[in-house]
Amino acid sequence: MTIPRFLLSAAFVLASASAHALEFKSVGAASLILYDAPSLKGTRLFIAPRGMPVEVVLTYGEWVKLRDVSGDLAWAEAKSLSPRRTLVVRSANAKVRSAAEADANPVMTADKGVLLELLDAPASSWVKVRHRDGITGYMRAADVWGI
């Protein structure tokens, strides 16, 4: 392989790696058992509650390797996940505001660990969210996990 061809190949590899976006999903309608291996014979590690956001790290047939908000990795059956996007509040007393501005009126305060639905893709450093009670507003992207 000639040097220009090698450089072109390397550029394509680097471009595809940087273009790979994180894939987030949520636990579907029922709780989800997380395993240490991609098999029902694996050790059960944790039961993930309905709506919990997870990052899909790897897909292996009917199984997916997931990362949770604390960074732990585990395996789950892919059919138990939902494409619905949810977020977990990462900081205590995070403000949900009426607009995507730091000085906008707060409509709600969310404590650490609260689940919120992601309504719109992140715009700059803000995300539009909805609480299960129906309250809708904007939060700083740095205050949530799952985007």
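Please refer to the structure placed before this passage.
Summary of the structure given here. (Residues numbered from 1 in each chain as written. Predicted model: local features only at pLDDT ≥ 70, side-chain atom pairs only at ≥ 80, totals over all residues. Heavy atoms only, no water.)

A separate point is the overall build of the protein chain. For the protein chain, the helix and strand inventory stands at one helix and 14 strands. The burial tally for the protein chain puts 32% of its 147 residues in the buried class. Taking the contacts inside the protein chain whose residues are at least 6 apart along the sequence as the reference set, 49% of them involve residues at least 24 apart. On the protein chain, roughly 9,100 Å² of surface is accessible, and the fraction owed to carbon and sulfur atoms is 55%. (Helix = DSSP H or I, 4+ residues; strand = E, 2+ residues; numbered from the N terminus. Buried < 20%, exposed > 50% of the residue type's maximum accessible area, 1.4 Å probe, protein only. Contact = heavy atoms within 4.5 Å. Areas by Shrake-Rupley, 256 points an atom, 1.4 Å probe, with all protein chains shown as cover.)

With that settled, consider the nonpolar core. Grouped together as the largest cluster of nonpolar side chains are 13 residues, with contacts concentrated most on Leu 87, Val 89, Leu 116, Val 127, Val 129, Met 139 and Val 144. Those elements giving two or more residues to this core turn out to be β8 (86–89), β9 (94–97), β10 (106–110), β11 (115–123) and β12 (126–130). Excluding its chain neighbours within four sequence positions, the residues that come into contact with Val 89 are Ala 94, Ala 110, Asp 111, Lys 112, Gly 113, Val 114, Leu 116, Met 139, Asp 143 and Val 144. If you look at the next biggest cluster of nonpolar residues, it comprises twelve residues, including Leu 32, Leu 34, Met 52 and Val 64. (Core = buried A, V, L, I, M, F, W, Y, C linked by side-chain atoms within 4.5 Å.)

What follows covers the packing of aromatic side chains. A complete count under the given rule lists three aromatic pairs for this structure. With a centroid separation of 5.3 Å and 85 degrees between ring planes, the pair formed by Phe 24 and Trp 145 is classed as edge-to-face. One end of the pair, Phe 24, is in strand β1 (residues 23–27); the other, Trp 145, is in strand β14 (residues 144–145), with 121 residues separating them in the sequence. In terms of burial, Phe 24 and Trp 145 fall into one category: buried. (Phe/Tyr/Trp six-rings, centres within 6.5 Å; stacked < 30°, edge-to-face > 60°.)

The next point concerns the layout of surface pockets. Of the voids in this model, the largest pocket is the one considered here, and its volume is about 340 Å³. Surrounding the largest pocket, 15 residues form its lining, Arg 50, Gly 51, Arg 84, Leu 115 and Arg 132 being those nearest its centre. Looking at the lining of the largest pocket, the elements with two or more residues in it are β1 and β11. A total of three residues in the lining of the largest pocket trace back to one element, the largest contributor, which is β11. Tallied by class, residues from the lining of the largest pocket come to four nonpolar, six polar and five charged. (1 Å grid on protein atoms, 1.4 Å probe; cavity = no way out; pocket = protein on both sides within 12 Å on 5 of 7 lines; lining within 4 Å. Points joined across faces, edges and corners; volume = space filled by probe spheres on them. Nonpolar A, V, L, I, M, F, W, Y, C, P; charged D, E, K, R; others polar.)

The next subject is the environment of Ile 135. Mapping Ile 135 onto the fold places it in the loop between β12 and β13 (136–140). The class of Ile 135 is partly exposed, set by a relative accessible area of 31%. Considering only alpha carbons, one finds Ile 135 and Val 107, 28 residues apart in sequence, at a separation of 7.6 Å. The residues touching Ile 135, leaving out its near neighbours within four places in the chain, are Val 107, Met 108, Val 129 and Arg 130.

On the surface, a cluster of nonpolar side chains totalling about 230 Å² of accessible area is made up of Val 57, Leu 58 and Leu 73. Secondary-structure assignment places Leu 73 in strand β6 (residues 73–77). (Patch = residues over 30% accessible without salt bridge, like charges linked within 9 Å, V, L, I, M, F, W, Y side chains within 5 Å. Salt bridge = Lys/Arg side-chain N within 4 Å of Asp/Glu carboxyl O.)

Such coordinate-based values are descriptive only and should not be taken to indicate function.
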